[in-house]
Amino acid sequence: MSERRPRPAARNGKKSVWRRALTPPAEPPAALPAPLTDPPSAEVADTGSVVQAALYRDGVRVSTPASLADTFRELRDQPDGMAWIGLARPTEAELLSLAAEFDLHPLAVEDAMEAHQRPKLERYGETLFVVLRAARYLDALEEVDFGELHVFVGPDFLITVRHGAAPDLSAVRRRMEDTTELLKLGPEAVLYAILDSVVDGYVPVVSGVQNDIDEIETEVFRGDPAVSRRIYELSREMVEFQRATRPLVGMLHALMAGFAKYGTDEELQRYLRDVADHVTHTSERVDGFRQALADILTVNATLVTQQQNAEMRALAEAGFEQNEEIKKISSWAAILFAPTLVGTIYGMNFERMPELHWVLGYPFAVVLMAGVCTSLYIIFKRKDWL
């Protein structure tokens, strides 16, 4: 356990095994900037954003301060203690008070204020700053909800700044308090537990997404018109999921690369390897989901195109059949129009007509009508109209 230094003197205690695994061998410790501001009073710092603050000694909780100011004061009185402070969507005043008390780097504090950061791991002097993206699956909405967690790890303190509903750090705290031997390892062990909790939270998300993909495949082959939108929305969620999991693989492998060189505790090595394996597996599953969704979208587009082609072909066939019927109707109409025309002319009541007093006038008219009708029938038949 690191010794607590009196403020404002520099911390000269034992460097944690977790931080030794992250520190480049040839790089000297970076100089910390001046405090952002003087520690504010309890009235400024104490708001409803503080979820819980506790002090630990030898892996056992010794105090539960009611405010940040009390936490600072009691930690000064506990040279071999460790503070674990949890905040949810903190105010600027709270973060500034923490920055002044623990010498947090302004860039890290700014990231914690603004949120919407990519997962990353950065070292500022003796303080480690970690950004994690947690996820949870909402069964009712069938969608993935993402949260953001910022963790400051120092020699004798750990601060969590949560933006979003996930993860449930109260469960992590209970687990660590029930595992005294692990909590004795200090803030780096708490960081492991948080990493483990975030990664374990991906498991139900992966399961929920797998069920969604199975349902989508069924909907695609049923021809559901709304499935394209669902595929697109799930693909966007998988992009966010990739952004949450893929950087973790590199972060954990960077930690493992320094195990032998910096003498990381054997127990933490085992835990981190287990977490790294889970992250790698999850990242591979997410990559597979994205590829599967891309393939499903292609298949759906092909099926939609085939369906549209079938509909167009059916319309064309219907139009062709309709055109054929129109031809037949038009042909018979023309055939029937011919005798009507001849009969109409002969039916006019003229006194002087060439065939009016001709004996063969009536037979001639009948033969003329029959001849015209026969000629039209032959013509239309040759053109396949009849």
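Thresholds applied
- Residues numbered from 1 in each chain as written.
- Predicted model: local features only at pLDDT ≥ 70, side-chain atom pairs only at ≥ 80, totals over all residues.
- Heavy atoms only, no water.
- Helix = DSSP H or I, 4+ residues; strand = E, 2+ residues; numbered from the N terminus.
- Buried < 20%, exposed > 50% of the residue type's maximum accessible area, 1.4 Å probe, protein only.
- Contact = heavy atoms within 4.5 Å.
- Areas by Shrake-Rupley, 256 points an atom, 1.4 Å probe, with all protein chains shown as cover.
- Phe/Tyr/Trp six-rings, centres within 6.5 Å; stacked < 30°, edge-to-face > 60°.
- Axes fitted to C-alpha atoms, helices over the stretch in contact; angles between N-to-C directions.
- Parallel < 35°, antiparallel > 145°, perpendicular 65-115°, else oblique.
- Left-handed = near helix turned anticlockwise from the far one by under 90°.
- Nonpolar A, V, L, I, M, F, W, Y, C, P; charged D, E, K, R; others polar.
- Pairing = 2+ DSSP bridges.
- pLDDT = per-residue confidence, 0-100.
- Core = buried A, V, L, I, M, F, W, Y, C linked by side-chain atoms within 4.5 Å.
- Patch = residues over 30% accessible without salt bridge, like charges linked within 9 Å, V, L, I, M, F, W, Y side chains within 5 Å.
- Salt bridge = Lys/Arg side-chain N within 4 Å of Asp/Glu carboxyl O.

Caption draft 1: Expanded view of the overall build of the protein chain. On a plain count of helices and strands, the protein chain comes out with 13 helices and seven strands. In the protein chain, which comprises 386 residues, the share counted as buried stands at 42%. Of all intrachain contacts in the protein chain linking residues separated by at least 6 positions in sequence, the fraction that spans at least 24 positions is 68%. Split by element, the accessible area of the protein chain, about 20,400 Å² in all, is 56% carbon and sulfur.

Caption draft 2: The arrangement of the packing of aromatic side chains in detail. Counted under the stated rule, the structure contains eight aromatic pairs. Ring centres of Y192 and Y271 lie 4.6 Å apart, and the angle between their planes is 15 degrees; on these two criteria the pair is classed as stacked. Of this pair, Y192 sits in helix 8 (residues 187–200) while Y271 sits in helix 12 (residues 266–346), and the two are 79 residues apart along the sequence. Assessed through its relative accessible area of 3%, Y192 is described here as buried.

Caption draft 3: Broad picture of the packing of helix 4 (residues 92–102) against helix 5 (residues 106–114). For the pair helix 4 and helix 5, the least separation of the axes is 10 Å and the interaxial angle reads 155 degrees. In terms of orientation, helix 4 and helix 5 fall into the roughly antiparallel class. Here helix 4 runs over helix 5; the crossing is right-handed. Residues E92, L95, L96 and A99 of helix 4 touch helix 5, and the partners they reach there are V109, A112 and M113. Split by residue class, the contact of helix 4 with helix 5 holds six nonpolar, no polar and one charged.

Caption draft 4: Highlighting the sheet that holds strand 7 (residues 157–163). Spatially, 2-1-3-7-6-5-4 is the arrangement adopted by the seven strands of the open sheet, whose pairing is mixed. The open sheet has two free edges, formed respectively by strand 2 (60–63) and strand 4 (120–124), since each of these has just one partner strand. For this sheet, the mean inter-axis angle between neighbouring strands, taken without regard to orientation, is 25 degrees. Here strand 3 (residues 82–88) pairs with strand 7 via six bridges, running parallel. Paired with W84 across the two strands is L158, which belongs to strand 7.

Caption draft 5: Spotlight on the pairing of strand 4. The pairing of strand 4 with strand 5 (residues 127–138) spans five bridges and is antiparallel. Note that in strand 5 the partner of K120 across the bridge is V131. What sits between strand 4 and strand 5 in their antiparallel hairpin is a turn of two residues, with G125 showing a positive phi close to 60 degrees.

Caption draft 6: How the structure looks around the confidence of the model for the protein chain. When pLDDT is averaged across the protein chain, the result is 79; 83% of the residues are at 70 or more. The secondary-structure element of the protein chain with the lowest mean pLDDT is helix 2 (residues 42–45), recorded at 34, while strand 7 shows the highest, at 92.

Caption draft 7: Structural detail: the nonpolar core. The biggest cluster of nonpolar side chains holds 57 residues, and the ones touching the most others in it are L132, M176, I194 and F241. In terms of residue count, the dominant contributor to this core is helix 10 (residues 227–257) (ten residues). In this structure, L132 is in contact with G147, E148, L149, I194, L195, V198, L248 and M251, ignoring residues within four places of it in sequence. Residues L68, F72, I85 and Y124 belong to the second largest nonpolar core, which totals 23 residues.

Caption draft 8: Examining unusual backbone geometry more closely. Even without being a glycine, D103 presents a positive backbone phi close to 55 degrees. With respect to the helices and strands, the residue D103 is situated in the loop between helix 4 and helix 5. Of note, the phi angle at E142 is positive, near 55 degrees, even though the residue is not glycine. By the element assignment, E142 lies in the loop between strand 5 and strand 6 (143–153). Overall, E142 belongs to the partly exposed group, its relative accessible area being 35%.

Caption draft 9: Just a nonpolar patch on the surface, in detail. A grouping of W358, V359, L360, F364, L368 and V372 is seen on the molecular surface, where their side chains present a nonpolar patch of about 560 Å² in accessible area. With respect to the secondary-structure elements, W358 resides in the loop between helix 12 and helix 13 (361–382).

Caption draft 10: Spatial organisation of the pattern of salt bridges. Taken as a whole and assessed by the stated rule, the structure comprises 17 salt bridges. Sharing partners across several salt bridges, the network here consists of E142, D212, E215, E219 and R230.

Caption draft 11: Local environment of the pairing of strand 2. In this structure, strand 1 (residues 50–57) lies alongside strand 2, joined through three bridges in antiparallel fashion. Bridged to R57 within strand 2 is V60. From the end of strand 1 to the start of strand 2, which pair antiparallel, there are two residues, and D58 there has a positive phi angle of about 55 degrees.

Caption draft 12: Seen up close, the side chain of T245. Note that T245 resides in helix 10. T245 has contacts with Y202, V279, T282, S283 and V286, leaving out every residue within four places of it along the chain.

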